[in-house]
Amino acid sequence: MFKAKNLSPQKLAGFTALVISAIIALGSFVVDGNWKVVVGAFVLTFLVSYYLYLYTLQNFIYRKIKLIYKFIYQTKASKREEFFQKNILPLKTIEEVSEDVEKWASQKKEELENLRRNEEFRKEFLLNLSHELKTPIFAVQGYIHTLLDGALEDPNVNKLFLKNATKNIDRLCRLIDDLDEISKLESGEMTVNAEVFVIQDLIKDVFDTLSLKANTKGIKFSIKKGCEAPQPVHADKEKIRQVLINLVDNSIKYGKPDGHTIASIYSMDGKRVLVEISDDGIGMAEEHLPRVFERFYRTDRARSRDIGGTGLGLAIVKHIVEAHDQSITVRSKPEIGSTFGFTMESGRE
């Protein structure tokens, strides 16, 4: 109770005044021996010491503490803060003030850590964006310069070079479109037009859309046994189509020849539905999983760029799912395959 760090200014002043008054009273008793003088000396010393010490604390020490609080809030004091400084702060113990300052310091440290991480992500993003833009631009530039330097008249290479230049221009256009999509999703400009539809029907549509691409690798599509029963969901059908196309397309790109892509649908708690897209492809190491939804993040840059894609597909998928107030996860093991799962609101009443 009497630890100095736990005392308020009033308690600290009272305790100090009591000690001083007791010493003065004891001295008066030894010198005079008159109880009236002793009591008078005790009372007078206590009152003078108490108010003098309290005045010193509040007007010097706590004035400095008020400055600390002003620095913490970094704003001109509002009426609430003025009330706090006049009425609440003087009642606070030194320990409580110390805890407030430590809490503020901890918050600032966390903010600085976030700023450092964001700065690192920004630098990495700009570096990746620059690289992704340079690759198709330099390729197109090389083909055009070669054609202008004489290859245009060579029928053996002119069409080939023009086709390759067109492929890189198409890649550049896809990259710009994906960047535009990302910016709209992050700024909240893209609205979610939710409707009720059967998720199995949409999955079958996506399978049909990508069937030709899958056939080139001999990959077979299927819905997991036991998940065939129609499951209505409440979401933006076209946005979810985009999510499924990205996930199924990735299962083809990184799937093994003659492999399988399987869709699973589970009713979770009557309110949400879990959709999983699984493949038996090359998979990913565990250290990559926390970052696969970052923009331009590639587990194997050389192989990923050869396969195609802008490096923004999974970032777009994550934003679309989160725009529905839902979540997306990934499980994967090298040479075994990957499973991407996302939730949606159930369409059952």
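Just so we're clear, the structure is a prediction, and the values are computed from it rather than from any experiment.

### Section: the UniProt feature "transmembrane region" (unreviewed entry) in the protein chain
Piece 1. Annotation from UniProt places "transmembrane region" (unreviewed entry) at residues 12-31 and 37-57.
Piece 2. A distance of 29 Å separates the end C-alpha atoms of residues 12-31, which is 100% helix and 0% strand.
Piece 3. Taken end to end, residues 37-57 is 100% helix and 0% strand, and its first and last C-alpha atoms sit 29 Å apart.

### Structural notes on a nonpolar patch on the surface
Piece 1. The grouping of Leu26, Phe29, Val30, Val31 and Trp35 at the surface amounts to a nonpolar patch, some 610 Å² of accessible area in total.
Piece 2. The element best represented in the nonpolar patch is helix α1 (residues 9-31), accounting for 4 residues.
Piece 3. Assignment of secondary structure puts Leu26 in helix α1.

### Concerning the pattern of salt bridges
Piece 1. The full count for this structure, using the stated rule, is 10 salt bridges.
Piece 2. Glu113 is the partner of Arg116 in a salt bridge, and the nearest nitrogen-oxygen pair spans 3.3 Å. Of this pair, Arg116 and Glu113 both sit in helix α4 (residues 94-148), separated by 3 residues, roughly a single helical turn.
Piece 3. Linking Glu294 and Arg291 is a salt bridge whose minimum nitrogen-to-oxygen distance equals 2.8 Å.
Piece 4. Look at Glu294 and you get partly exposed, because its relative accessible area is 23%.
Piece 5. One salt-bridge network, held together by shared partners, links Lys213, Asp249 and Lys253.

### Quick look at the packing of helix α8 (residues 237-253) against helix α10 (residues 313-323)
Piece 1. One can describe the packing of α8 onto α10 by two numbers: an axis separation of 9 Å at closest approach and a directional angle of 145°. Regarding α8 and α10, the two cross each other, and that crossing is left-handed. Facing Lys239, Gln242, Val243, Asn246, Leu247 and Asn250 of α8, the residues of α10 in contact are Gly313, Leu314, Ile316, Val317, Ile320 and Val321.

### Quick notes on the packing of helix α5 (residues 158-187) against α10
The relative placement of two packed helices comes down to the angle between their axes together with the axis-to-axis distance.
Piece 1. Here α5 crosses α10 at 25°, and the two axes come no closer than 10 Å. Classed by the angle they form, the pair α5 and α10 counts as roughly parallel. Seen along the crossing, α5 lies across α10 with a hand that is left-handed. Residues Asp178, Glu181, Ile182, Leu185 and Glu186 of α5 pack against Ala315, Ile316, His319 and Ile320 of α10.
Piece 2. Here the residues of the contact of α5 with α10 are counted per class, giving 5 nonpolar, 1 polar and 3 charged.

### A short note on unusual backbone geometry
Piece 1. Positive phi, close to 60°, is recorded for Asp325, a residue that is not glycine.
Piece 2. Secondary-structure assignment places Asp325 in the loop between α10 and β6 (328-333).
Piece 3. For Asp325, a relative accessible area of 69% corresponds to the exposed category.
Piece 4. Positive phi is not limited to glycine here, since Glu335 has a value of about 65°.
Piece 5. Along the polypeptide, Glu335 turns up in the loop between β6 and β7 (337-346).

Conventions used here
Residues numbered from 1 in each chain as written. Predicted model: local features only at pLDDT ≥ 70, side-chain atom pairs only at ≥ 80, totals over all residues. Heavy atoms only, no water. UniProt positions renumbered as here; feature names shortened; annotations may be inferred. Helix = DSSP H or I, 4+ residues; strand = E, 2+ residues; numbered from the N terminus. Patch = residues over 30% accessible without salt bridge, like charges linked within 9 Å, V, L, I, M, F, W, Y side chains within 5 Å. Areas by Shrake-Rupley, 256 points an atom, 1.4 Å probe, with all protein chains shown as cover. Salt bridge = Lys/Arg side-chain N within 4 Å of Asp/Glu carboxyl O. Buried < 20%, exposed > 50% of the residue type's maximum accessible area, 1.4 Å probe, protein only. Axes fitted to C-alpha atoms, helices over the stretch in contact; angles between N-to-C directions. Left-handed = near helix turned anticlockwise from the far one by under 90°. Contact = heavy atoms within 4.5 Å. Parallel < 35°, antiparallel > 145°, perpendicular 65-115°, else oblique. Nonpolar A, V, L, I, M, F, W, Y, C, P; charged D, E, K, R; others polar.

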